[in-house]
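So the chains spell out like this:
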Amino acid sequence: MDLGDVSVSYDVLVTHDHHCLIVYRYRKRVNLERYEYSSLFFTQSTDFQEWDTPITVGEETPGLRLLEKADGEILLVGRNGYAVFDESKGIGDVYPIPLAQTPDISYWDGDIYCFLDRDQRLSAIGIIRIRQPHQEIEVEGLLFSRLGGDDWTEPEYLTRMGVNIRGEYPKILYISALDSYLLLVRDPDPRIDAYTLYMSTDLKAWQSPTPITYSDDDVNTCLLYTSPSPRDLSTSRMPSSA
């Protein structure tokens, strides 16, 4: 699929019934000051070789990440909102994610991350950044909130041994085969190119963190887990946008 000289943002989801779904949009530079953005496109494959002709599913989108619930419902999520996604109907009503409006929550897209918890509730974590004297910015910690019914819970910090978990570019998923959450964050010190992996069964008590250090600054980190049996857990993947 050749889109020409454009910048593409996309997400890939392998569903429980082994369909591969891709949503994407692209932007093309019009001049030095302006970009032209495409609609949101969708395509899918059942064998990872032959792909359906891409279709347009919407002009406006809350984001580009796909999440699949246990009942097969697909959510399209972003920093500020989420919607139910249907390939035949397109994008449904967009609902806000209140955590994104919390004071001092970073405005960067990569600092709000949505996931499904153990009970299939849509949840979100976001980075609190406090501006310090001399224009320095301190990462205060990660706030967590989940959707219960029509309301989101009050944000609370993720902590380990009473101390806020600090980090940037958070990614988190729940793995049913382990009955645990995995949380990956980057060290907030820009001079350190290191990541930390945390594990918890309840988002409250976290095991000793595992440091991960890379020498390549361009590494694209993600959480990837493949189950030995499709009945236990399908492939869970959280890729970064290109």
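Per chain, residues are indexed from 1 in the order of the written sequence. Owing to the predicted nature of the model, reporting of local features is limited to residues with pLDDT of at least 70; listing and counting of side-chain atom pairs is limited to 80 or more, with chain, interface and lining totals taken over all residues. Side-chain measures were taken over the full set of non-hydrogen atoms in the model, leaving aside hydrogen atoms and water.

Colleague: Looking at this structure, how should I read the pattern of salt bridges?
Modeller: In a structure, side chains of opposite charge can pair up when their charged atoms sit close to one another. Each salt bridge in this description consists of a side-chain nitrogen of Lys or Arg and a carboxyl oxygen of Asp or Glu lying within 4 Å of one another. This structure, assessed with the given rule, holds 9 salt bridges. Here Arg129 and Glu168 are joined by a salt bridge, their closest N and O atoms 2.9 Å apart. Taken together, the positions of Arg129 in strand β12 (residues 122–131) and Glu168 in strand β18 (residues 168–175) put the pair 39 residues apart, joining distant regions of the chain. For the residue pair Arg129 and Glu168, the accessibility class agrees, reading buried in each case. One salt bridge in this structure joins Glu138 and Arg166, with 2.8 Å as the shortest N-O distance. Placement of Glu138 in strand β13 (residues 137–148) and of Arg166 in the loop between β17 (163–164) and β18 is noted, with a sequence separation of 28 residues between them. Secondary structure elements follow DSSP: runs of H or I of four or more residues count as helices, runs of E of two or more count as strands, with numbering from the N terminus. The cut-offs for exposure are 20% and 50% of the maximum accessible area for each residue type, with area from a 1.4 Å probe on protein chains only; residues under the lower value are buried, those over the upper are exposed, and the others partly exposed.

Colleague: Got a minute to help me understand the side chain of Ser45 in this structure?
Modeller: Along the chain, Ser45 turns up in strand β4 (residues 40–45). Within the local environment of Ser45, its side chain forms a polar contact with the side chain of Asp47, the two groups lying 3.1 Å apart. Within the structure, Ser45 has its side chain in polar contact with the backbone oxygen of Glu50 (distance 2.8 Å). Apart from the residues lying within four places of it in its own chain, the contact partners of Ser45 are His18, His19, Cys20, Glu50 and Trp51. Under the rule applied, a polar contact is a pair of N or O atoms within 3.5 Å (in protein, one hydrogen donor and one hydrogen acceptor; residues adjacent in sequence only if both atoms are side-chain atoms). Only heavy atoms matter for contacts: two residues are in contact if any of them lie within 4.5 Å across the pair.

Colleague: Would you mind showing me how to read the sheet that holds strand β19 (residues 180–186) here?
Modeller: Within a sheet, adjacent strands bond to each other through the backbone by hydrogen bonds, running parallel or antiparallel. Pairing is antiparallel across the open sheet formed by 4 strands, whose spatial order is β18-β19-β20-β21. Only two strands of the sheet have a single neighbouring strand rather than two, namely β18 and β21 (210–213). With direction set aside, neighbouring strand axes in the sheet form an average angle of 20°. Should DSSP find at least two bridges between two strands, the strands are regarded as paired. The pairing of β18 with β19 spans 6 bridges and is classified as antiparallel. Following the sheet pairing, Ile172 is matched in β19 by Leu183. The convention used is that axes are lines fitted to C-alpha atoms, helices contributing only their stretch in contact, and that angles between N-to-C directions extend from 0 to 180 degrees.

Colleague: Would you mind showing me how to read the packing of aromatic side chains here?
Modeller: Aromatic ring pairs: the centre-centre distance and the angle between the two ring planes describe each pair. To pair, rings of Phe, Tyr and Trp, with the six-membered ring standing in for Trp, must have centres within 6.5 Å; the planes then decide the type, stacked if under 30 degrees apart, edge-to-face if over 60, and tilted in the middle. For the structure on display, the rule yields 9 aromatic pairs. Pairing Tyr82 with Trp152 gives two aromatic rings, centres 6.5 Å apart and planes at 65°, and the pair type is edge-to-face. Highlighted residues: Tyr82 in strand β8 (residues 81–86) and Trp152 in strand β14 (residues 151–152), separated in sequence by 70 residues. For the pair formed by Tyr82 and Trp152, the shared burial category is buried. Between the aromatic rings of Tyr174 and Tyr181, the centroid separation amounts to 5.0 Å while the plane-to-plane angle is 50°, which identifies the pairing as tilted. Of the two residues, Tyr174 and Tyr181, neither departs from the other in class, the shared state being buried. Clustering of aromatic rings is evident, with ring pairs tying together Phe115, Phe144, Tyr174 and Tyr181. A cation over a ring is seen here: Arg65 above Tyr113, with NZ or CZ 4.0 Å from the ring centre. As a reminder, the over-ring test applies to NZ of lysine and CZ of arginine, requiring each to be within 6 Å of the ring centre and within 35 degrees of the ring normal.

From the geometry alone we can't say anything about function, so treat these as descriptive.
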